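Each chain, letter by letter, is given below.
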Amino acid sequence: MPTPLVAILATGGTIAGAATRPGDDASYVAAQFGVAQLIAAVPALAGRPLEAEQVAQLDSKDMTHAVWQQLAHRCAHHLARPEVAGVVVTHGTDTLEETAWFLHRTLAPGKPLVLTAAMRPATSIQADGPQNLLDALALAQHAGARGVLACVQGRAHGPADVRKRHGSRLDAFASGEAGPVALIEQGQVRQLRPWPVGTALGVPEARAADWPAVIVLPSHAGLATGMAQALVQAAIAQGARGLVIEGTGNGTVHSAWDGAIAAAQAAGVTVWRATRCQDGGVVGEGGLPHAQGLSAAQARVELMLDKALGGAAA
Ligand code: SIN
């Protein structure tokens, strides 16, 4: 049986990063190498049926809605081709969990859409990108695999659970209590949990610059009421249509936010809460609406899509 075709869409990140001093894994610039160079750096990929496309070239801390819109359209294009088994997206690690959630909610693909990344730049003497790319391809070619998956260090994480939990270690990603969906070992995929499925909401059609503004505001000790009010007023003045308060514990919110939140709601701004706890999410009802186990950054995506798509995400 011929090896199935995979489309690799590159967006930048450390996986495409370069240091000026060879072997410097700390001081480097992300998004320097093109997708053809990333593929060429993996000898095992020679002769494999691949198509490659450079969708963007950025450090993912600077990810934009415009790139997401374009990326989602290019993913949808390739996934709809019968001859394509799956799509791999190379991405920065810093906002990978947000992009994963965005693609899951907008596309909910019936084929594997695998994001991969690296913690060391491509110039590192022990770069992790090549193995991660190889593993991501194995996952994208695996019969039966489906949905948006984040493949790093031999683990495939689901789009709701994936978190970047460490700032520098190779093994930076985890799925918390849920655990990975699958393991990739020597090119073999071992499925542990059901593949992530969902209902595709579709990609918002409006110009990305016009997508509803939703921002995250953190709740923490020592917050002054005046500061909270000023932040919310500034957000509303800048056109915010939604706020996600990154709360403490089980989504608890400092009382200094109370007046500002009430004023925002009175102005028609939707306010959700999430938790800064890495595990557990928010459980129970009462108080502000919450997005259960999503991180605050993912809840921002969810609320933005809900507003952009007229309530379809709720
Ligand atoms: C980025 O997120 O683009 C830079 C950091 C990384 O990929 O590890």
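Residues numbered from 1 in each chain as written. Predicted model: local features only at pLDDT ≥ 70, side-chain atom pairs only at ≥ 80, totals over all residues. Heavy atoms only, no water.

### Let's talk about the pairing of strand E12 (residues 188-191)
This is how the line gets drawn: Strand pairing is defined by DSSP finding a minimum of two bridges between the two strands. By the criteria applied, helices consist of DSSP H or I runs no shorter than four residues and strands consist of E runs no shorter than two, each listed in order from the N terminus.
Two strands pair when backbone bridges link them, and strand E11 (residues 182-185) and E12 are joined in this way by four bridges, in the antiparallel orientation. Bridged to Ile184 within E12 is Val189. Two successive antiparallel strands, E11 and E12, enclose a turn made up of two residues, where Gln186 displays a positive phi of approximately 50 degrees.

### Considering the environment of Gln298
The criterion, for reference: Any two residues whose heavy atoms approach within 4.5 Å at even a single point are treated as in contact. In the analysis that follows, any N or O atom pair within 3.5 Å is treated as a polar contact, provided that within protein one partner can donate a hydrogen and the other can accept it, and provided that, for residues neighboring in sequence, both atoms belong to side chains.
Here Gln298 shows up in helix H7 (residues 296-308). Note: C-alpha distance between Gln298 and Thr99 (199 residues apart in sequence) is 8.7 Å. Discounting residues that sit within four places of it in the chain, Gln298 has contacts with Glu97, Trp101, Pro159, Ala160, Val162 and Arg163. A polar side-chain atom of Gln298 sits 3.4 Å from the main-chain carbonyl oxygen of Glu97.

### Topic: the sheet that holds E12
Rules: In this analysis, axes come from line fits to C-alpha atoms, helices being fitted only over the stretch in contact, and the angle between any two N-to-C directions falls in the range 0 to 180 degrees.
On the basis of which strands lie adjacent, the open sheet formed by eight strands has the order E4-E1-E5-E6-E7-E8-E11-E12 and mixed pairing. Across the chains shown, the open sheet's two edge strands, defined by having one partner strand only, are strand E4 (50-58) and E12. Averaged over neighbouring strand pairs, the angle between their axes works out to 25 degrees when direction is ignored. As paired strands, strand E8 (residues 155-157) and E11 are joined by two bridges and run antiparallel to one another. Within E11, the residue paired with Ala156 across the bridge is Ala182. Where helix H3 (residues 96-107) meets the sheet, its contacts fall on strand E6 (112-116) and strand E7 (147-152), and the angle it forms with E6 comes to roughly 170 degrees.

### Some words on the state of the cysteines
Applied cut-off: Note that a disulfide, as used here, is simply two cysteine sulfur atoms within 2.5 Å. Residue exposure (1.4 Å probe, protein chains only): buried if accessible area is under 20% of the type maximum, exposed if over 50%, otherwise partly exposed.
If you walk through the whole model with that rule in mind, you get zero disulfides. A disulfide-free cysteine, Cys75 has its sulfur positioned 15 Å from the sulfur of Cys151, the nearest such atom. Residue classification places Cys75 among the buried residues on the basis of a relative accessible area of 0%.

### What about unusual backbone geometry?
Phi is positive for Ala31, which is not a glycine, with a value near 60 degrees. In this fold, Ala31 is placed in the loop between strand E3 (28-29) and helix H1 (35-40). Its relative accessible area of 10% is what places Ala31 among the buried residues. The backbone of Gln153 sits at a positive phi, close to 55 degrees, despite the residue not being glycine. Owing to a relative accessible area of 31%, Gln153 belongs among the partly exposed residues under this scheme.

### Some words on the packing of aromatic side chains
Worth spelling out the cut-off: The criterion for an aromatic pair is that two Phe, Tyr or Trp rings (for Trp, the six-membered ring) have centres within 6.5 Å, with stacked assigned to planes under 30 degrees apart, edge-to-face to planes over 60 apart and tilted to the rest.
For the structure on display, the rule yields two aromatic pairs. Both rings, one in Trp68 and one in Phe102, keep their centres 4.8 Å apart while their planes meet at 15 degrees; by these two values the pair is stacked. With Trp68 in helix H2 (residues 65-79) and Phe102 in helix H3, this pair connects stretches of sequence that are 34 residues apart. The burial state of Trp68 is the same as that of Phe102; both residues are buried. Through pairs of rings, three or more aromatic residues link up here, namely Trp68, Phe102 and Trp211.

### A short note on the site of the ligand
What counts is decided by this rule: The near set for a molecule or strand comprises every residue that places at least one heavy atom within 4 Å of it. Accessible areas in this description were obtained via Shrake-Rupley with a 1.4 Å probe; residue shielding takes into account the shown protein chains only. Three classes are used, and their members are as follows: Ala, Val, Leu, Ile, Met, Phe, Trp, Tyr, Cys and Pro are nonpolar, Asp, Glu, Lys and Arg are charged, and the others, Gly among them, are polar.
Surveying the vicinity of the ligand reveals the residues Gly13, Thr14, Asp59, Ser60, Gly92, Thr93, Asp94 and Ala118. Between Ser60 and the ligand, the recorded distance is 2.6 Å, taken from a side-chain N or O atom to an oxygen atom. Starting from 250 Å² of accessible surface for the ligand in isolation, the protein chains cover 94%. Looking at the shell around the ligand residue by residue, the class counts come to one nonpolar, five polar and two charged.

### A word on the domain arrangement of the protein
Short version of the rule: For each domain, the first and last residues come from an automatic or database assignment. Between Lys or Arg on one side and Asp or Glu on the other, a salt bridge is scored when a side-chain nitrogen of the former is within 4 Å of a carboxyl oxygen of the latter.
According to the domain assignment, the protein contains domain 1 (5-191) and domain 2 (212-308). When each unit is reduced to the centre of its C-alpha atoms, the spacing between domain 1 and domain 2 is 30 Å. In this complex, domain 1 contributes 15 residues to the contact, which on the side of domain 2 involves 13 residues. Counting every contact that joins domain 1 to domain 2 gives two salt bridges.

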